[in-house]
Every structure is written in structure tokens, then in C-alpha cells.
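Chain by chain, the residues:
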Amino acid sequence: MSRNVTVGLDGSPESRAAAEWAAREAKLRGLPLRLVHVWEPVPEPMAQAPLLGAETQAHWSERIPREAAEALRLRHPGVQVEAEQIPGRPMDALAKTSEDAELLVLGSRGLSGVGGFLVGSVGMSVIAHTDTPVVLVRAGEQAADEHEKDPAGLPSAATPYRPVVLGLDTGHPDDTVIAFAFEEAARRDTALRVVHSWNLPPYFAYGLPVDLELNTELGRQEAAALTAVLRPWRQKYPDVRVVEESRSGSPANHVIDASREASLVVVGRRVRRSPFGVHIGPVTHAVLHHAAAPVAVVAHD
């Protein structure tokens, strides 16, 4: 199967927002958009019920992707839209179907009253079980949310994109994650804001006197390490403006703060081939739940 942008669709507001975001991303990448609707066959006793039977369920399951595809073709001319229905458990089927995709896009409910996501068990499981980059899009996400406001201060999709934010660990930088972030910034013709955090010295935890000179030197070293990691990438992507931010404190908090002015947030997930299950990592987990922009999780070894 040809490469594509795949989106999981179940008819919910969050999955519709994800489909719209995926269509815009497919256009940026010049790829077809694949809508995948996963449905679980009803148990045999329920299949005999006239209002809940297999035929009724199949009808609604077919209608969801078909109508969504028709609407997306109208709103995004030039984007090839395909719709597919797959039986099975959503978390398993989506992880499997993502193998043919350059990107998998999923919807997530917004947290009531504050910015951020409520990532369900399906989304978390798919992220943890696929090596394909996964983007989480919150219900209500609009194209204008990814762009700067117009001169009058109003939301607009015709203005330049907001920066792409990359959360980077200079101790374990991964080329796959960095390349993904630079490519996304290049596609959007926007800046890449790279956020790096480092731990405060132990005396902060024990209430000892602060060594300002040591703090300053640590800050210089961490900033220099960030610059060194990004130097070859600046040369590879000379048209991408890079903003480096190296701060002490919580990595997740700094990335979440930066997400409020971002078009997209990019974080990594280390692939752990372990018989004891898979892990997303505490920073990525926190960013997934609290970022105010779509979040791309890029798996890496």
C-alpha cells in the first residue's frame, strides 16, 4: 500500500477534529488521506436484536467513514481521501494499520476548563504499540489555532504558522525525533522552538545556600550542549529559523508552557523491547495530557 496519512475515525467530535487536521497535514505532505473506522462485531445474542443487530451496526459503521470522506473531499480539494472499515479491537487494528502510514492521527477529548487532552486507553495503547509517529488532536481544534492572529488580533488560517515546538533531551538526542520536528517546521515555513531542560543542583532540594556562580556555569554548559546538538541540523535545514531555549526545571512543564504558542509539539518515545510491557515515558505522558496544541509522539530506539 502507498504511503499515506491515516486517521482513526469513530464519528466523535475529537475524531472529526483529528480528520480535519490530518487532511491539512496530508496536503502539506502531498500524500493521500486514509480514514479508518474500526468496529467491534456485536456478540451473537445482541446480533439477533432487530435494533442492535449486526446489519444495523454495519450500516452505521459504513456510514461514518463514507460521509466523513465526502465532507473532507469538499473542504480539502486536491487531497485524495480514502475510507476503510476494519473489524476488530480499535487499539489493535489502529496499531496494525499504522504500519502502512507515514503518520497516524488520533482524536482526544479536551480537558474541561483548561488546555490539554484527556487521552483515552485506546490512544495511549496505540501510541505505545506502534513505531509510526502518532499525532493527538484535541476536540475543537481549528486550523486558525495553528496560525498567528491577524493584524486585528483575530484568529485566522491565512496568517503564518505558529512555531513548531520540540522537547529535546541533549543527553540522549535522537535523529528521528529531531528530523521529524525540522521537517514539520519546514513544511509550515515557520520557526522551530527547541526546548531543553536540566535539573537544578541538589542543594535546592536540601535548602542549602544557592551557589549562583555554579548555577550560571551549569546554564552555560547546558546551553552549549543544546547548540552543539542542533548545529548540524541548522546546516541541513538552513531555511528553518531555530530558537534555542535551555532552562532549569521540569522538562514537561517547559514544553507544556511553550505549547500555548505552538502549531505542533513534537516529543519522543523510547522504544523498549521488553516482556514486561511498553512505556511512554513520564515527560511525554505529561505533555500528551496537558499540551495546548496537537502533539506528535515519535518513537525511537
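Residues numbered from 1 in each chain as written. Predicted model: local features only at pLDDT ≥ 70, side-chain atom pairs only at ≥ 80, totals over all residues. Heavy atoms only, no water.

> Would you mind going over the pairing of strand E2 (residues 33-39) in detail, with residue names and values included?
Taken across its seven residues, E2 has seven buried, putting it largely inside the fold. Here E2 shows a buried face lined by Leu33, Leu35, His37 and Trp39 and a second buried face lined by Arg34, Val36 and Val38. Bridging between strand E1 (residues 5-8) and E2 involves four bridges; their strand directions are parallel. When the sheet's bridge partners are listed, Val7 is paired in E2 with Leu35. Crossover E1 to E2 through helix H1 (residues 13-29) is right-handed. Pairing of E2 with strand E3 (residues 81-87) involves seven bridges; the strand directions are parallel. Looking at E3, one finds that Val36 is bridged to Glu84. (Buried < 20%, exposed > 50% of the residue type's maximum accessible area, 1.4 Å probe, protein only. Helix = DSSP H or I, 4+ residues; strand = E, 2+ residues; numbered from the N terminus. Pairing = 2+ DSSP bridges. Right-handed = clockwise from strand over helix to strand, strands pointing away.)

> Residues and numbers for the nonpolar core, please.
Counting residues in hydrophobic clusters, the biggest one holds 45 residues, and the most contacted among them are Leu33, Leu35, Val105, Leu166, Phe182, Leu192 and Val266. Excluding residues that lie within four positions of it along the chain, Leu166 makes contacts with Val177, Ile178, Ala181, Leu192, Arg193, Val194, Val195 and Val266. Judged by nonpolar contacts, the second largest core, of 30 residues, contains Ala93, Val126, Val255 and Val295. (Core = buried A, V, L, I, M, F, W, Y, C linked by side-chain atoms within 4.5 Å. Contact = heavy atoms within 4.5 Å.)

> With reference to specific residues and values, describe the packing of aromatic side chains.
This model, assessed by the stated rule, comprises three aromatic pairs. Here Phe182 and Tyr237 contribute two aromatic rings whose centre-to-centre distance is 5.1 Å and whose plane-to-plane angle is 25°, an arrangement assigned as stacked. Placement of the pair is Phe182 in helix H6 (residues 175-188) and Tyr237 in the loop between helix H8 (212-236) and strand E9 (242-248), with a sequence separation of 55 residues. You can call Phe182 buried: its relative accessible area is 0%. In this structure Tyr237 comes out as buried when scored by relative accessible area, which is 11%. Centre to centre, the rings of Trp233 and Tyr237 are 6.5 Å apart; their planes meet at 15°, and the pair counts as stacked. Owing to a relative accessible area of 10%, Trp233 belongs among the buried residues under this scheme. Taken together, Phe182, Trp233 and Tyr237 form an aromatic cluster joined through their ring pairs. (Phe/Tyr/Trp six-rings, centres within 6.5 Å; stacked < 30°, edge-to-face > 60°.)

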